[in-house]
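# A look at the structure
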Amino acid sequence: MLVYGRARLLTRAHVLARSAHTARTYKEDPRWPGWELVVGIEVHAQIKSRRKLFSEALTSDLTTPPNTHVSAFDAAFPGTLPRLNPKCVELAVRTAIALNADVQRRSAFDRKHYFYADLPSGYQITQQYAPIARNGQLRLEKDGIVVHIKQVQLEQDTGKSTFLPRNRLTAIDLNRAGMGLMEIVSEPDMRSPEEAASYVRGLQALLRSVGSSDGNMEQGSLRCDVNVSVNRIGGPPGTRCEIKNLNSVKNMMVAITCETFRQIALLERGIPVTQETRGFDEEKAETYSLRSKEDAPDYRYMPDPNIPPLLIDQHYIDAIRRRMPELPDATRTRLLDQGLSQRDVEVLMDVDSGREVGYDGELGRGAVAYFDQVSQGRDPKAVVNWITHELLGQLAFRHETFKENPISVEQMGNLIDLVQSQKVTGTSGKTILRHILDTRTPDMPSKIAEDLQLVLVSDDGTSLENWCRDAIAALPEEAEAVRQGNVNVVNKIIGRVMKASRGTAKAQDVRAMLLKLLQA
């Protein structure tokens, strides 16, 4: 059961000191020998819900006209009160379970005060001191490390401000104001830009797999604040600097690298690193100061008097746990157990991580689900070869994504059955696949094979012999070379026969017939 507490219990404000280094065997990085890099990341993931966190207004995307999805509460009209969206809570609990975090039976909301034009109320509702989940972890298989999650908290997003240089005005769009966010705070467990990139990519895949966020950094639905510090090997932790609002994995890696070199250069000159918040300039590939610790705003956190504590019943958590979709690690293990190669599994997982995420936890169709359906009752290796090599290759050639794949599960299954049962050749199967992609026809491959006359010839061999004799007559020099013992030249004659048969003849049968005729 999900309920609000009837009385607000004031939480004791406490400031947690920076976590110490996670104990790890030191591995020297040739980019900065003698120094150790320590990275922690705060990820702000936009919750994929139809409605905002505390109002009935619809959420929006980049195509929504400005200021069209704004309620009176979002615009901070006096007298309006928040009403928590239970779907946002459910998706946050899904995320916490996926991260092996402890879902808190009681959490609470605070007001974080600061004044921006795109924050009409003058404060953001967040969960600084009593988050919805604590103590999670995300295992990075490729890097062989575990990144610990300090907490997962619910909070509001802000509006969007756009400066118009021609008019010298700033336009405010409140469509985004009040949309639900999950702030996922890691411990400083990463030691390189590459580990940080693996963490963010892994978190993206996990969020998409449970349907809580689409994790699209390019569209701003996932943003990162990175804490970077350096210290001498075996020395105490260095002073951290926070780099704000990084919107791509590539930019994040470059920003961490640049900031590392900046801090090392200061320390080697005997200048201490100042704790500060910094931005990242993509064009110059360098970080720049935004504000120092002394200039940092006093957020004056206080319990939100209009929102009682959030009380979550254990039965509610267990019900969500039972309905959890398969997580990436479990999917990877299951596919490997079916005999798929590591490469094929990674291809399927990479395509699947980009699948569309529906609203309120609805999962879109991905490559793994497509593979699972097609492989029912079929050889998994044959199925994955057709999907990863042929289908994905043709989609990439057409600059189309898997989401735009027009070939249904039934069509792909029928096509594989035709090839496996040797009713059509592999070459003809590829022709049929291209035909479906080009025409978007709903016809089954078996009908297409008949219409295009691609069904293998099943006569007594008369047609095959006639095609071979015609090819020998058309290529007398090559035929004579084969007669003289140069067997490799027969491949050119085989190509002529395959063209004449339109792929309906088997290459091995053609070879046998040609050698029989030429070496008789």
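Residues numbered from 1 in each chain as written. Predicted model: local features only at pLDDT ≥ 70, side-chain atom pairs only at ≥ 80, totals over all residues. Heavy atoms only, no water.

### Describing the packing of helix 13 (residues 476-483) against helix 14 (residues 490-501)
The relative placement of two packed helices is expressed as an angle between their axes plus a distance between the axes. Stated formally: Fitted lines through C-alpha atoms give the axes, limited to the stretch in contact for helices. The angle between two N-to-C directions lies from 0 to 180 degrees. Strands are runs of DSSP state E lasting at least two residues, helices are runs of H or I lasting at least four, and both sets are numbered from the N terminus onward. Roughly parallel here means an angle under 35 degrees, roughly antiparallel means over 145, roughly perpendicular means 65 to 115, and every remaining angle is called oblique. Each crossing gets its handedness from the near helix: less than a right angle anticlockwise from the far helix is left-handed, clockwise is right-handed. It only takes one pair of heavy atoms within 4.5 Å for two residues to be counted as in contact.
Relative to each other, helix 13 and helix 14 sit at 135 degrees, their axes nearing to 9 Å. Between helix 13 and helix 14, the angle is such that the two are oblique. When the axes of helix 13 and helix 14 are compared, the crossing they make is left-handed. Listed contacts from helix 14 to E478, A479 and V482 of helix 13 are V490, K492 and I493.

### Topic: the sheet that holds strand 15 (residues 286-292)
Short version of the rule: Whether two strands pair comes down to DSSP finding at least two bridges between them.
Spatial ordering of the open sheet is given by 3-7-8-11-2-12-13-14-15, a layout of 9 strands whose pairing is mixed. Across the chains shown, the open sheet's two edge strands, defined by having one partner strand only, are strand 3 (102-103) and strand 15. Where strand 3 and strand 7 (residues 133-140) come together, 2 bridges link them in antiparallel fashion. Bridged to V103 within strand 7 is A133. In this fold helix 3 (residues 249-268) packs onto strand 2 (35-46), strand 12 (222-232), strand 13 (241-246), strand 14 (276-281) and strand 15, with an angle of close to 25 degrees to the strand it touches most, strand 12.

### Observations concerning the sheet that holds strand 5 (residues 110-113)
Taking strand neighbours across the sheet as the criterion, the 3 strands line up as 6-5-16 in an open arrangement whose pairing is antiparallel. Because the sheet does not close on itself, it has two edges, and the strands there are strand 6 (123-126) and strand 16 (302-303). Bridge analysis of strand 5 against strand 6 gives 4 bridges, and the strand direction is antiparallel. The residue bridging K112 from the neighbouring strand is Q124, located in strand 6.

### Side note on the pattern of salt bridges
Let me state the cut-off plainly: For this document, the term salt bridge refers to a Lys or Arg side-chain nitrogen within 4 Å of an Asp or Glu carboxyl oxygen. Throughout this description, buried means an accessible area under 20% of the type-specific maximum (1.4 Å probe, protein chains only), exposed means over 50%, and partly exposed covers the range between.
Throughout the structure, instances matching the rule amount to 28 salt bridges. Of the charged contacts, one joins R191 and E36 as a salt bridge, the two residues approaching to 3.3 Å between their closest N and O atoms. Of the two residues, R191 sits in the loop between strand 11 (180-186) and helix 2 (193-210) while E36 sits in strand 2, which places them 155 residues apart along the sequence. Side by side, R191 and E36 carry an identical accessibility label, which is buried. Across the salt bridge formed by E90 and R94, the nearest N and O atoms sit 3.7 Å from each other. Here R94 and E90 lie together in helix 1 (residues 86-98), a separation of 4 residues that amounts to about one turn.

### Observations concerning the side chain of N85
Spelled out, the test is: In protein, a polar contact requires one atom able to donate a hydrogen and another able to accept it; more generally it is a pair of N or O atoms within 3.5 Å, and residues adjacent in sequence count only if both atoms are side-chain atoms.
Summarising the element assignment, N85 is placed in the loop between strand 2 and helix 1. Under the relative-accessibility criterion, N85 is labelled buried at 11%. A polar contact of 3.0 Å, which involves the side chain of N85, links it to the backbone nitrogen of K87.

### Here's the deal with the confidence of the model for the chain
For the record, the criterion: Confidence of the predictor at the level of single residues is given by pLDDT, which spans 0 to 100.
With 93% of its residues at a pLDDT of 70 or more, the chain shows a mean pLDDT of 88. Mean pLDDT across the secondary structure elements of the chain bottoms out at strand 1 (residues 2-4), with 57, and peaks at strand 11, with 97. Under a pLDDT of 50 for its full length, residues 6-21 has, in the predicted model, 33 contacts with residues more than four places off or in other chains.

### Examining the packing of aromatic side chains
Let me state the cut-off plainly: Geometry of aromatic contacts follows a simple scheme: Phe, Tyr and Trp rings, the Trp one being its six-membered ring, pair when their centres are within 6.5 Å, and the pair is stacked under 30 degrees between planes, edge-to-face over 60, tilted otherwise.
The final tally for this structure, using the stated rule, is 7 aromatic pairs. Ring centres of Y114 and Y299 lie 5.9 Å apart, and the angle between their planes is 70 degrees; this geometry places the pair in the edge-to-face category. Taken together, the residues Y114 in the loop between strand 5 and strand 6 and Y299 in the loop between strand 15 and strand 16 connect sequence positions 185 residues apart. On the accessibility criterion, Y114 (13% relative accessible area) is buried. By relative accessible area, which is 22% here, Y299 ends up partly exposed. Residues Y299 and Y301 carry aromatic rings whose centres are separated by 6.0 Å and whose planes lie at 65 degrees to one another, so their mutual orientation is edge-to-face. When its relative accessible area of 26% is taken as the criterion, Y301 is described as partly exposed. Taken together, the aromatic side chains of Y114, Y116, Y129, Y299 and Y301 make up a single cluster linked through ring pairs.

### Regarding the packing of helix 1 against helix 2
Rules: Polar here means any residue other than Ala, Val, Leu, Ile, Met, Phe, Trp, Tyr, Cys and Pro, which are nonpolar, and Asp, Glu, Lys and Arg, which are charged; Gly is therefore polar.
At a minimum axis separation of 10 Å, helix 1 and helix 2 run at an interaxial angle of 130 degrees. Relative to helix 2, helix 1 is oriented oblique. Of the two elements, helix 1 crosses helix 2, and the hand of that crossing is right-handed. Of the residues in helix 2, those in contact with R94, T95 and A98 of helix 1 are L206, L207 and V210. For the contact of helix 1 with helix 2, the class distribution of residues is 4 nonpolar, 1 polar and 1 charged.

### Considerations on helix 7 (residues 367-374)
For helix 7, a buried count of 6 out of 8 residues is recorded, marking the element as mostly surrounded by other parts of the structure. Of all the residues in helix 7, the buried ones are A367, V368, Y370, F371, D372 and V374. On its buried face, helix 7 sits against helix 5 (328-337), helix 6 (342-353), helix 8 (380-397) and helix 9 (409-420).

### A few points about the nonpolar core
Convention followed: To define a nonpolar core, start from buried Ala, Val, Leu, Ile, Met, Phe, Trp, Tyr and Cys residues and group those joined through side-chain atoms within 4.5 Å.
Of all hydrophobic cores here, the largest spans 67 residues; its most connected members are I41, I132, I184, Y199 and M252. Apart from the residues within four sequence positions on either side, M252 is in contact with I41, A196, A197, V200, C224, V226 and L246. In terms of nonpolar packing, the next biggest core, distinct from the first, is built from 33 residues, V368, W386, M412 and I416 among them.

### As for unusual backbone geometry
In this model, N135 sits at a positive phi of 55 degrees, which is unusual for a non-glycine residue. Mapped onto the fold, N135 is located in strand 7. Phi at R168 is positive, roughly 55 degrees, even though this residue is not glycine. Examined against the element boundaries, R168 turns out to sit in the loop between strand 9 (160-164) and strand 10 (169-173). Look at R168 and you get exposed, because its relative accessible area is 72%.

### Comments concerning the pairing of strand 10
The pairing of strand 9 with strand 10 spans 5 bridges and is antiparallel. Bridge pairing links K160 to D173 in strand 10.

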